[in-house]
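# Geometric and topological summary
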Amino acid sequence: MENQIEQSQWFIVTAIGGKEDSIAAAIQEKIHNYGYDAFVGQVRVFKTKEEIVETFAKDSDQIPQNPKNTKTTTWEVLPDGKYKRTKIRVVNKFTGYIFINMIYDRNVWFAIRNTPGVLGFVGSSGKGAVPIPITIEEYARVSGDGATVEATSEQTVVAEATTAAPEAKITYTTDAKVGYTIDIFDGSFAGMTGEVKKLDDTKGIAVIAIDFFGRSQEVEIPYNQFRIGL
């Protein structure tokens with residue numbers, strides 16, 4: 001082992017999207033098996049809640065015979081007789097990213113980098129370059145105030161799906177167009193700028209490419225959380 005630094009730092013690992021949880025678990029198991037527990041503190045995959053709202057005609061076959069509310073699903077009968085179902089599900093907040101608090105050591109870095117599913121470290125070229133840790137301020141911005149691995153409500157994405165008649169659909173509008181630079185002023189990515197890649201007027205959501213610690217990342221941002229950049 002090379003000389004340890006006194007204070008642990010936050011590093012970001014890039015991983016196969018959609019498998020962050022299992023890869024994080026594999027990293028933790030590998031660290032323990034290799035005896036590197038003293039070097040690695042937390043291995044975190046941040047979560048957020050996603051709200052899905054669907055509206056069904058009163059005679060839709062997708063409505064249960066006796067609709068019941070659960071912790072993740074609520075039903076509501078609308079004034080026009082239609083049914084609204086709201087689902088809450090937990091998803092990864094940052095697809096393809098795992099945050100690791102550790103004391104840098106080349107052997108530990110090598111062990112993590114070679115865990116199946118890990119693509120590399122943010123800030124490392126993959127040619128022996130030492131990975132660059134993020135600052136406490138950067139970590140606080142993405143984690144929130146005391147955010148945990150459990151679900152948070154920092155970002156709520158509302159997806160509208162409906163089986164109602166076409167005239168019942170809602171159309172959202174924005175002055176932004178594909179290719180525009182926008183400023184995000186609300187939500188998890190507040191304070192960041194990005195380029196509009198796609199607009200969905202039926203959901204009121206734009207796909208925005210932001211620079212996330214040196215790597216382009218596409219995120220979904222509601223129309224009411226950004227403005228056209230100056």
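Going by the structure above, here's the rest.
One structure accompanies this document, and this report is about it. This is a predicted model, so every value here is computed, not measured.

Assigned secondary structure in the protein chain consists of three helices and 13 strands. Considering the protein chain as a whole, with its 230 residues, one finds that 40% of them fall into the buried category. When contacts within the protein chain are restricted to residue pairs at least 6 apart in sequence, long-range pairs at least 24 apart make up 67% of them.

Here the focus is the packing of aromatic side chains. Considering all chains together, one arrives at 13 aromatic pairs under this definition. An angle of 55 degrees between the planes, with centres 6.0 Å apart, marks the rings of F94 and F99 as tilted. The two residues F94 and F99 agree in class, both being buried. In this structure an aromatic cluster arises from ring pairing among W10, F46, F94, F99 and Y139.

A few words now on the nonpolar core. Counting residues in each nonpolar core, the largest one holds 25 residues, and the members touching the most others are F94, F99, F189, I208 and F226. For this core, the secondary structure elements donating two or more residues are strand 1 (9–15), strand 6 (97–102), helix 3 (136–143), strand 9 (181–184), strand 11 (205–212) and strand 12 (215–222). With four residues, the single largest contributor to this core is strand 11. Other than its neighbours up to four places away in sequence, F94 contacts E20, F46, F99, V142, F189 and F212. Of all hydrophobic cores here, the second largest spans 23 residues; its members include F39, V45, W109 and V118.

Turning next to the pairing of strand 6. Consecutive side chains along a regular strand alternate between the two faces of the sheet. Counting buried positions along strand 6 gives six out of six residues, so the element sits mostly inside the fold. Alternating positions in strand 6 separate into two faces, Y97, F99 and N101 on one and I98, I100 and M102 on the other, with burial throughout.

Further remarks concern the sheet that holds strand 1. The strand order across the open sheet built from four strands is 2-6-1-7, with neighbouring strands paired in antiparallel fashion. Of all strands in the sheet, those bounded by a partner on one side alone are strand 2 (40–44) and strand 7 (118–121). Pairwise comparison of adjacent strand axes, ignoring direction, gives a mean angle of 30 degrees for this sheet. Note: strand 2 against strand 6, three bridges, orientation antiparallel. Looking at the pairing, R44 lines up with F99 of strand 6. Together, strand 1, strand 2, strand 6 and strand 7 form the strand contacts of helix 1 (residues 20–33), whose direction differs from that of strand 6 by roughly 25 degrees.

Taken together, five strands build an open sheet; the order of strands is 12-11-10-9-13 and the sheet is antiparallel. Edge positions in the open sheet fall to strand 12 and strand 13 (226–228), since each of these has one partner strand only. With direction set aside, neighbouring strand axes in the sheet form an average angle of 40 degrees. With six bridges joining them, strand 10 (residues 193–200) and strand 11 adopt antiparallel strand pairing. By the bridge assignment, E195 is partnered in strand 11 with A209.

The rules behind each value
Residues numbered from 1 in each chain as written. Predicted model: local features only at pLDDT ≥ 70, side-chain atom pairs only at ≥ 80, totals over all residues. Heavy atoms only, no water. Helix = DSSP H or I, 4+ residues; strand = E, 2+ residues; numbered from the N terminus. Buried < 20%, exposed > 50% of the residue type's maximum accessible area, 1.4 Å probe, protein only. Contact = heavy atoms within 4.5 Å. Phe/Tyr/Trp six-rings, centres within 6.5 Å; stacked < 30°, edge-to-face > 60°. Core = buried A, V, L, I, M, F, W, Y, C linked by side-chain atoms within 4.5 Å. Pairing = 2+ DSSP bridges. Axes fitted to C-alpha atoms, helices over the stretch in contact; angles between N-to-C directions.

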